Amino acid sequence: MTSQRAATRSMTSLHRNSLPIPDDLAVEIFSRLPSKAIARCRCACKLWSSMLLREDFTDLFLTKSSDRPQLLFACQDHNRNYIFFSSSPHPEEENSSSYVVAANHLARFPSSSYKLFGCTNGLCYGARPRSRKPVICNPSTGQSLTLPRLKSRKWFGVVERRGQDSPLVDNYLGYDPVSKEFKVLSMERSKISAKHQVLTLGTKKLSWRLVQCTTAHYSSNKWISISGVIYYAASANRSSANSMVACFDLRVEKFSFVNFCRAMHDSTTLVNYNGKLGLLMSGDAPGENISTTSKSFQLWVLQDAEWSKHVYILPPSWKDVVTKTMCFAGIIVGTNEIVLAPSLQNVLSYVIYFNVERNTITKVGIQGMEAFQGKRFNTYLNYVENVILL
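Residues numbered from 1 in each chain as written. Predicted model: local features only at pLDDT ≥ 70, side-chain atom pairs only at ≥ 80, totals over all residues. Heavy atoms only, no water.

In the annotation of an unreviewed UniProt entry, the entry for the chain reads F-box domain-containing protein, and the organism field reads Brassica cretica.

Throughout the structure, instances matching the rule amount to one disulfide. Here Cys119 pairs with Cys124 through a disulfide, and the sulfurs are 2.4 Å apart. One quick way to see it: the torsion about the S-S bond of Cys119 and Cys124 is about 90 degrees, and its sign makes the bridge right-handed. Cysteine Cys137 is unpaired, with the sulfur of Cys124 as its nearest cysteine sulfur at 4.9 Å. Residue Cys137 is classed as buried on the basis of its relative accessible area, which comes to 8%. (Disulfide = S-S within 2.5 Å. Buried < 20%, exposed > 50% of the residue type's maximum accessible area, 1.4 Å probe, protein only.)

Attention now goes to the pairing of strand E14 (residues 229-234). Of all six residues in E14, six are buried; the element is thus mostly enclosed. Alternating residues of E14 divide into Val229, Tyr231 and Ala233 and Ile230, Tyr232 and Ala234, and every residue in both groups is buried. As defined by bridge partners, strand E13 (residues 223-226) adjoins E14 across four bridges and the pair is classed as antiparallel. Directly across from Ile226, in E14, lies its bridge partner Val229. What sits between E13 and E14 in their antiparallel hairpin is a turn of two residues, with Ser227 showing a positive phi close to 50 degrees. Pairing geometry for E14 and strand E15 (residues 244-249), over six bridges, is antiparallel. Across the sheet, the residue bridging to Ala233 is Val245, located in E15. (Helix = DSSP H or I, 4+ residues; strand = E, 2+ residues; numbered from the N terminus. Pairing = 2+ DSSP bridges.)

Under the counting rule described, the total for this entry stands at 15 aromatic pairs. Pairing Phe260 with Trp300 gives two aromatic rings, centres 5.2 Å apart and planes at 85 degrees, and the pair type is edge-to-face. Highlighted residues: Phe260 in the loop between strand E16 (254-259) and strand E17 (269-273) and Trp300 in strand E19 (residues 296-303), separated in sequence by 40 residues. Grouping residues by exposure puts Phe260 and Trp300 together as buried. Measuring from centroid to centroid gives 5.3 Å for Phe260 and Trp307, while their planes differ by 85 degrees, and the two rings are edge-to-face. Of the two residues, Phe260 sits in the loop between E16 and E17 while Trp307 sits in strand E20 (residues 306-313), which places them 47 residues apart along the sequence. Pair check on accessibility: Phe260 and Trp307 agree, each one buried. Taken together, Phe297, Trp318, Phe328 and Phe354 form an aromatic cluster joined through their ring pairs. (Phe/Tyr/Trp six-rings, centres within 6.5 Å; stacked < 30°, edge-to-face > 60°.)

Within the structure shown, the criterion is met by seven salt bridges. Two residues, Asp56 and Arg54, come together in a salt bridge whose shortest N-O distance is 3.1 Å. The exposure class of Asp56 is partly exposed, given its relative accessible area of 42%. With a shortest N-O distance of 3.1 Å, Arg251 and Asp176 are connected by a salt bridge. Remark: Asp176 occurs in strand E9 (residues 169-176) and Arg251 occurs in the loop between E15 and E16; sequence separation between them is 75 residues. (Salt bridge = Lys/Arg side-chain N within 4 Å of Asp/Glu carboxyl O.)

Within the span of helix H3 (residues 35-42), buried status applies to Ser35, Ala37, Ile38, Cys41 and Arg42. Down the axis of H3, the smallest arc covering the buried residues is 155 degrees, so these residues share one side. Buried residues along H3 sit in contact with helix H2 (23-30), helix H4 (46-52) and helix H5 (55-66). (Arc of directions from axis to C-beta. Contact = heavy atoms within 4.5 Å.)

When two helices pack together, their arrangement is given by the angle between the helix axes and the distance between those axes. For the pair H2 and H5, the least separation of the axes is 10 Å and the interaxial angle reads 40 degrees. The orientation of H2 with respect to H5, classified from their angle, is oblique. For the pair H2 and H5, the crossing hand works out as right-handed. Here Val27, Glu28 and Phe30 of H2 come into contact with H5, specifically with Phe57, Leu60, Phe61 and Lys64. Taken together, the residues of the contact of H2 with H5 break down into five nonpolar, no polar and two charged. (Axes fitted to C-alpha atoms, helices over the stretch in contact; angles between N-to-C directions. Parallel < 35°, antiparallel > 145°, perpendicular 65-115°, else oblique. Left-handed = near helix turned anticlockwise from the far one by under 90°. Nonpolar A, V, L, I, M, F, W, Y, C, P; charged D, E, K, R; others polar.)

Turning to the confidence of the model for the chain, a few remarks are in order. Per-chain confidence: the chain averages 83 in pLDDT, with 84% of residues scoring 70 or above. Across residues 154-165, confidence stays below pLDDT 50; counting only partners more than four residues off in sequence or on other chains, it has 11 contacts. (pLDDT = per-residue confidence, 0-100.)

Attention now goes to the nonpolar core. Counting residues in hydrophobic clusters, the biggest one holds 32 residues, and the most contacted among them are Leu173, Leu185 and Tyr232. Not counting residues up to four positions away in its chain, the partners in contact with Leu185 are Asp170, Asn171, Tyr172, Gln197, Val198, Val211, Ile230, Tyr232, Phe248 and Phe255. (Core = buried A, V, L, I, M, F, W, Y, C linked by side-chain atoms within 4.5 Å.)

Moving on to a nonpolar patch on the surface. Side chains of Ile21, Leu25 and Ile29 sit close together on the surface and give an oily, nonpolar patch of about 230 Å² of accessible area. With respect to the secondary-structure elements, Ile21 resides in the loop between helix H1 (2-17) and H2. (Patch = residues over 30% accessible without salt bridge, like charges linked within 9 Å, V, L, I, M, F, W, Y side chains within 5 Å. Areas by Shrake-Rupley, 256 points an atom, 1.4 Å probe, with all protein chains shown as cover.)

On to the sheet that holds E20. With antiparallel pairing, the four strands of this open sheet are ordered in space as E17-E18-E19-E20. In the strand order of this sheet, the two ends are held by E17 and E20, each with one partner. Each neighbouring strand pair of the sheet contributes to a mean axis angle of 30 degrees, computed without reference to strand direction. Relative to E19, strand E18 (residues 276-282) is paired through five bridges, and the arrangement is antiparallel. When the sheet's bridge partners are listed, Gly278 is paired in E19 with Val301.

Written out as structure tokens, the structure is:
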């Protein structure tokens, strides 16, 4: 017994000061573990902690995670004031018309009526509808970060009347893969360009700064971040439909705009199509929901400031698989499969995959979400585990 204790102490001392394998091999092994295991390993000893907190390891882990993107589900439980995050892998059997995957419960965060705006490179972003204190959260680590309060309207010289509601605020979270920086773009739904504000995560002192925009427009909640650019649907005036796309370059913090050929369909969703911006929408009459009677989808891809149109005719099996009104979750990066989720459901029970190359429909059941009966879900595509600390 004494010799076993001595051996244990010897091994513990060895692990605390060195590894019996080269560091680069150890980093490679750690990078293949799930994010929950990384959190535990960081607490195991100082050596592991220092290794797993290094920027090169965080970058390697994100790179490997990007090769296996997942579905991310966010359940907002207003009764308990929490947002619950779960993920699931994409189906692997290509020739099956139905498939079942298990949900992996990640983390929960106090919501206090927060609205979730979206996810970028593993981080999620939310705020109260009229709040000026947004929140960043990382479902992989369970961390959250409340950002500084947005600069007030008085800061811009705008006088608010007593009892006047604060205007709605649109928020976007982008990632620049060159500088490896996350930035938040926030603005009121107003044509006053001076109210555009940007914040860079990871700086010693988080603070909002102004960015100028010379094109008057109204923002929207339809957006996506692709290759260092935040894109969001916009309109020329408050009463009109979205008819252009605003492009915010995160590196130089400059705006540009691209007009769309017509008013965007209500179903329009901004997607990443082979690294380019795509507008995915129903191919049926404007205003019609995506349902059993849908006949086709349209995808408009932006390249060199020009739009190219792709039309996908739905197969006959569509009407047999779909039983509810659906909405686009997006397009899977790499396979270009279109994923749809039921617009309203009491339990997140399934999603639909439409393979445009083979023209096939696959219904994928989600197991393990029964505890959230009656709650509202948001479904996000291309979620990657990111072990960066906030």
